[in-house]
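Observations on the model geometry
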Amino acid sequence: MNAIVPLPVLLPLCATGLSLAFGTRLKRFQRFISVAVLTAVLGLSVTLMIAADTEGPLSVHLGDFAPPLGITLVADRLSGLMLTISSAVTLCVLVYSLGQGMADRDEETPVAVFHPAYLILVAGVSCTFLAGDLVNLYVGFEIMLVASFVLLTLGGTGPRIRAGSTYVIISLFSSMLFLTAIAMTYAATGTANFAQLAGRLADIPQGVQTLIQAMLLTVFAIKAAVFPLAAWLPDSYPTAPAPVTAVFAGLLTKVGVYCMLRTETLLFPGNRLGDLLMAAALASMTVGILGAVAQTDLKRLLSFTLISHIGYMIFGIGLATRQAYGGAIVYVVHHITVQTTLFLVAGLIERRGGTTELTRLGGIARAAPALAVLFFVPAMNLAGIPPLSGFIGKLGLMRAGVADGGVWAWTLVIGATATSLLTLYVMAKVWNLAFWRAAPPGQAAAGTVLESDDDDSDDDGDEGPDRMPGTGDEGVRLRHQPAGLAVAATLHGHAVTTTSVLPRPMTWATAAAVALGLAFTVFAGPLTSYTDRSAAELLARTPYIEEVLGR
């Protein structure tokens, strides 16, 4: 069984070569490769998750080089679960992107780069979850960074280039800090392997341990968008195409949370920085949800709720008990699915109404009741309405906080409750403006293509019959095409053609993501039992260490 551990990384990388070799001439073959490989990765991930739960951690030393010389990949309960959820989500997003047709915009990108970049991104995520040492973890981060920049800047429009540049600058800073932390760790211990570090870090001076821990937490907090290191996210993610935004918001931020879980339990037991983590969790909850309350654009609103709900996961890591870790893992799994789903729904709303600006939307519940259901279910899930999985995850974290009984724990319980109520308010606001109320006069009809220049200075500001006066978007021109016609137009860097009939693959993929989120509710018992065993394994550390070192 150990032999299949590297396959979630190797399969997407090999498929990338095939996609580049044949994709420009055989686009259907390119799509088939992507779907087939991600389906295979999902099957492998489920197999690894079940094997890790029944047999214990699995490991492989590439090239048969023992630590610290070789590359070690390890699959335990936590990494198996993260691989499974990430594979399911990335497959849904891929199907959604095929329906949108964003991968085949050859007139804007001379090479069909979406599929290769997407496969590389999946390989980077898998590499991060399976990494058994700091160096390989860094490699996984860099693979994701390269693919992320390509996906963020698809189409080469001004807003996407600016957002991508900000993302890359922040990511490069965190990469340099990560390299510095790795160098310090190796200089102090002579290894970068997690299993060996678990034994050697305890022998170095306390101050050096704390410095390394703080540097690694900073790196992972940037990746996870933990306040105050989250200012880059609301401006970077909303400009990208809907499928890219969905996978970034739903999955990539959780990579940082996973790394915190792994290092805080395996390398730095004892919770020395627990109070600092809980302060960051409270700040993330508060600032994020207040930012969401102030937004009128759906994608920016969801970006701020993302920052806010990262605080729940950091809350569990800061408490550092078995119950808290179990609740945090449940919430990570829930949030990956729900946040991805909501961004996919935002893409459908944009395609239906021509915008994600809530002040220019309305009447969707009557015009597209299926779309209303696709939004309502994950929105209530995010708000934590019983008996959905969001409620289960929040309840587990709050029970852990009450059991702890400390001042910070009780403060976080109160903050988490208030954040949940404000999340419900934000979701109700979106529902009332976009779905429940009557359509405003300026809302685009089906078959309308919305166009705007990237540079606002090129707009002469004249109003006319082709403008949208009084809607807050006077710089947007309207022209009419047959409904559903694929026309490349730009709206803040997005391709937007309104249509009354949404593409079926986009709707099916979103419905599958909604169903996955509901499955966590239906199978809440097995899920919480699995996450509790995962938390126990993380705290025990011994099974992981013995599997890697062969003791």
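Calculation criteria
Residues numbered from 1 in each chain as written. Predicted model: local features only at pLDDT ≥ 70, side-chain atom pairs only at ≥ 80, totals over all residues. Heavy atoms only, no water. Helix = DSSP H or I, 4+ residues; strand = E, 2+ residues; numbered from the N terminus. Contact = heavy atoms within 4.5 Å. Expected span 1.5 Å × (residues − 1). Buried < 20%, exposed > 50% of the residue type's maximum accessible area, 1.4 Å probe, protein only. Arc of directions from axis to C-beta. Phe/Tyr/Trp six-rings, centres within 6.5 Å; stacked < 30°, edge-to-face > 60°. Lys NZ or Arg CZ within 6 Å of the ring centre and 35° of its normal.

Attention now moves to the environment of Tyr258. With respect to the helices and strands, Tyr258 occurs in helix α10 (residues 242–266). Counting along the chain gives 129 residues from Tyr258 to Phe129, while the straight-line C-alpha distance between them is 7.6 Å. With residues near it in sequence (within four places) discarded, Tyr258 still touches Leu78, Ser79, Met82, Thr128 and Phe129.

Helix length check: helix α19 (residues 524–540) (17 residues) gives 24 Å between terminal C-alpha atoms against 24 Å at 1.5 Å per residue, within 8%. Taken together, the buried positions of α19 are occupied by Ala524, Leu527, Tyr530, Thr531, Ser534, Ala535, Glu537 and Leu538. Down the axis of α19, the buried side of the element spans an arc of 160 degrees, and every buried residue falls inside it.

Under the criterion given, the structure shown has 13 aromatic pairs. Ring centres of Tyr138 and Phe178 lie 5.8 Å apart, and the angle between their planes is 75 degrees; this geometry places the pair in the edge-to-face category. Of the two residues, Tyr138 sits in helix α5 (residues 134–152) while Phe178 sits in helix α6 (residues 158–189), which places them 40 residues apart along the sequence. By relative accessible area, Tyr138 is classed as buried at 17%. Ring centres of Phe376 and Trp431 lie 5.4 Å apart, and the angle between their planes is 65 degrees; on these two criteria the pair is classed as edge-to-face. Here Phe376, found in helix α15 (residues 369–383), pairs with Trp431, found in helix α17 (residues 407–436); they are 55 residues apart in sequence, far enough to count as distant. A residue is classified by how much of its surface remains accessible, and Phe376, at 38% relative accessible area, is partly exposed. Relative accessible area serves as the criterion here: at 18%, Trp431 is assigned to the buried category. Among the aromatic residues, those joined into a ring-pair cluster are Phe375, Phe376, Trp431, Phe435 and Trp436. The ring of Phe141 carries the charged tip of Lys223 above its face, separated from the ring centre by 5.3 Å.

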